[in-house]
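Observations on the three-dimensional arrangement
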Amino acid sequence: MFDPFFTTKAPGKDTGFRLSISYQIIVEKHHNQIKCSSKPGEGTEFLIEIPSSN
């Protein structure tokens with residue numbers, strides 16, 4: 001799902017970059033977490049964990 005070009009849309013309708021770029025920024029660059037929970041027919045929830053800096 002976080003692979004570049006992954007999409008469930010018809011060819012030419014979506015590049016599939018959004019999750020890949022989000023992953024690169026949040027996880028690889030800032031060392032935070034993205035969690036995903038999906039229920040078929042109900043939807044998908046993404047949780048982005050970014051620690052607070054006190």
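**Thoughts on helix H1 (residues 18-29)**
- Across its 12 residues, H1 extends 16 Å between first and last C-alpha, which sits within 8% of the 16 Å expected from 1.5 Å per residue.
- The set of residues buried in H1 consists of Ser20, Ile26 and Val27. Here the buried residues of H1 occupy an arc of 150 degrees about the axis, which is enough to place them on one side. Turned more than 90 degrees from where H1 packs its buried face, Arg18 and Lys29 sit exposed.
- Buried residues in H1 make contact with strand E1 (33-39) and strand E2 (43-49).
- Where H1 terminates, the next one or two residues include His31, which has phi positive at roughly 60 degrees.

**Side note on the confidence of the model for the protein**
- In this model, the protein carries a mean pLDDT of 78, and residues with pLDDT of at least 70 account for 69%.
- No element of the protein has a lower mean pLDDT than H1, which averages 84, and none a higher one than E1, which averages 89.

Calculation criteria
Residues numbered from 1 in each chain as written. Predicted model: local features only at pLDDT ≥ 70, side-chain atom pairs only at ≥ 80, totals over all residues. Heavy atoms only, no water. Helix = DSSP H or I, 4+ residues; strand = E, 2+ residues; numbered from the N terminus. Expected span 1.5 Å × (residues − 1). Buried < 20%, exposed > 50% of the residue type's maximum accessible area, 1.4 Å probe, protein only. Arc of directions from axis to C-beta. Contact = heavy atoms within 4.5 Å. pLDDT = per-residue confidence, 0-100.

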